[in-house]
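Structural features, examined
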Amino acid sequence: NAGVTQTPKFRVLKTGQSMTLLCAQDMNHEYMYWYRQDPGMGLRLIHYSVGEGTTAKGEVPDGYNVSRLKKQNFLLGLESAAPSQTSVYFCASSYVAGGETQYFGPGTRLLVL
Amino acid sequence: SQQGEEDPQALSIQEGENATMNCSYKTSINNLQWYRQNSGRGLVHLILIRSNEREKHSGRLRVTLDTSKKSSSLLITASRAADTASYFCATDESQAGTALIFGKGTTLSVSS
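Residues numbered from 1 in each chain as written. Chains lettered and ligands numbered in written order. Predicted model: local features only at pLDDT ≥ 70, side-chain atom pairs only at ≥ 80, totals over all residues. Heavy atoms only, no water.

**Quick look at the overall build of chain A**
In terms of helices and strands, chain A carries zero helices and eleven strands. Counting helices and strands in the order they occur from the N terminus, chain A gives β-β-β-β-β-β-β-β-β-β-β. Taking 13 Å as the expected radius of gyration for a compact globule of 113 residues, we find that chain A reaches 13 Å, a close match to that expectation. In chain A, which comprises 113 residues, the proportion classed as buried is 50%. In chain A, once contacts between residues fewer than 6 apart in sequence are set aside, the share between residues at least 24 apart is 55%. (Helix = DSSP H or I, 4+ residues; strand = E, 2+ residues; numbered from the N terminus. Rg over C-alpha atoms; globule rule 2.2 N^0.38 Å. Buried < 20%, exposed > 50% of the residue type's maximum accessible area, 1.4 Å probe, protein only. Contact = heavy atoms within 4.5 Å.)

In structure tokens:
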């Protein structure tokens, strides 16, 4: 099992460009999450999904959109990247609701110039 | 939003010593978890303790939970250089239960 994988590992964008981060999990988990990690800030929840076809906002959703068209995939989109979105993005999944053990991907490092 | 706060922010010890990290949180919880993050990697789940538990062990890890004080501690015994990492506590919100709230982490450095 690959667990949770993220694509790409690293990306540089110019302000205003768009991109999609892909998260895939092979554990048949219902719940999936996108976090961002900034120095000194810990992890903050951007969006999450409680099942295929569902999405919900987390703590810092502005500037991001998500989609969960297939159970195993959770996409995070930046329509118009801003320097404030420079961060490391982590995807996670869990079998049951968010308070239980979450399994994390290796992260995507994004630099917006 | 509720957030766990780890203390200390950074900790440096020698191999073989014990490392203790603390976490405080603000509202009632269903459970509390500890995760480890090695530099440049994703988070790895270490241990989960439920609100009705007071202590839990896993190998060299010992976690305690005091719901009256809204605090938890993580003890790593006989530390090794490989334990060098950042450690995060994470809590759920007992009413919402939809997501974890992470603290800012404790950076542990174990030197040989």
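**Looking at the packing of aromatic side chains**
We describe a pair of aromatic rings using the distance from one ring centre to the other and the angle between the two ring planes. A complete count under the given rule lists eight aromatic pairs over all chains for this structure. Measuring from centroid to centroid gives 5.7 Å for Phe 104 of chain A and Tyr 35 of chain B, while their planes differ by 80 degrees, and the two rings are edge-to-face. Placement of the pair is Phe 104 of chain A in strand β10 (residues 103–104) and Tyr 35 of chain B in strand β4 (residues 31–37), with the two residues belonging to separate chains. Each member of the pair, Phe 104 of chain A as well as Tyr 35 of chain B, carries the same accessibility label: buried. (Phe/Tyr/Trp six-rings, centres within 6.5 Å; stacked < 30°, edge-to-face > 60°.)

**A closer look at the state of the cysteines**
Within this structure, the stated rule accounts for two disulfides over all chains. The disulfide that involves Cys 23 of chain A links it to Cys 91 of chain A, with 1.9 Å between the sulfurs. Between Cys 23 of chain A and Cys 91 of chain A the sulfur-sulfur dihedral comes to about -75 degrees; the bridge is accordingly left-handed. You can see Cys 23 of chain A sitting in strand β3 (residues 19–25) and its partner Cys 91 of chain A sitting in strand β9 (residues 87–94), a full 68 residues away along the chain. Put simply, Cys 23 of chain B and Cys 89 of chain B are joined by a disulfide, and their sulfur atoms are 2.0 Å apart. (Disulfide = S-S within 2.5 Å.)

**Examining the layout of surface pockets**
Any space left empty among the atoms is revealed by the rolling of a water-sized probe across them. In this model, the largest pocket occupies a volume close to 530 Å³. Gln 37, Val 88 and Phe 90 of chain A together with Gln 37 and Phe 88 of chain B are, among the 27 residues lining the largest pocket, the residues nearest its centre. Contributions of two or more residues to the lining of the largest pocket are made by β4 (31–38), β9 and β11 (108–112) of chain A together with β1 (5–7), β9 (85–92) and β11 (106–111) of chain B. Classifying every residue of the lining of the largest pocket gives six nonpolar, 14 polar and seven charged. (1 Å grid on protein atoms, 1.4 Å probe; cavity = no way out; pocket = protein on both sides within 12 Å on 5 of 7 lines; lining within 4 Å. Points joined across faces, edges and corners; volume = space filled by probe spheres on them. Nonpolar A, V, L, I, M, F, W, Y, C, P; charged D, E, K, R; others polar.)

**Things to note about the confidence of the model for chain B**
On average, chain B scores 91 in pLDDT, and the residues at 70 or more come to 92%. Mean pLDDT in chain B bottoms out at β1 of chain B, which sits at 85, and peaks at strand β7 (residues 61–66) of chain B, which reaches 98. (pLDDT = per-residue confidence, 0-100.)

**A look at the sheet that holds strand β8 (residues 71–76) of chain B**
Residue and element names in this part refer to chain B. Pairing in this open sheet of five strands is antiparallel, and the strands run β1-β3-β8-β7-β6 from one edge to the other. Single-partner strands in this sheet number two, and they are β1 and β6 (55–58). With direction set aside, neighbouring strand axes in the sheet form an average angle of 20 degrees. (Pairing = 2+ DSSP bridges. Axes fitted to C-alpha atoms, helices over the stretch in contact; angles between N-to-C directions.)

**Some thoughts on the interface of chain A and chain B**
With 20 residues of chain A at the interface, the matching set in chain B holds 22 residues. Taken over both partners, the interface formed by chain A and chain B buries close to 1500 Å², and the fraction arising from carbon and sulfur atoms is 52%. Broken down residue by residue, the surface that chain A buries against chain B is led by Leu 43, Gly 99 and Phe 104 of chain A, which jointly contribute 27%. Inspection of the region where chain A meets chain B yields one salt bridge. Scanning the region where chain A abuts chain B turns up five residue pairs in polar contact (both at pLDDT 80 or more). Listed by contribution, the elements that provide at least two residues to the side of chain A that touches chain B are β4 and β5 (42–49) of chain A. Each residue belonging to the side of chain A that touches chain B can be placed in one class, and the counts come to ten nonpolar, eight polar and two charged. (Buried area = accessible area lost by both parts, 1.4 Å probe. Salt bridge = Lys/Arg side-chain N within 4 Å of Asp/Glu carboxyl O. Polar contact = N/O pair within 3.5 Å; in protein donor to acceptor, adjacent residues only side chain to side chain.)

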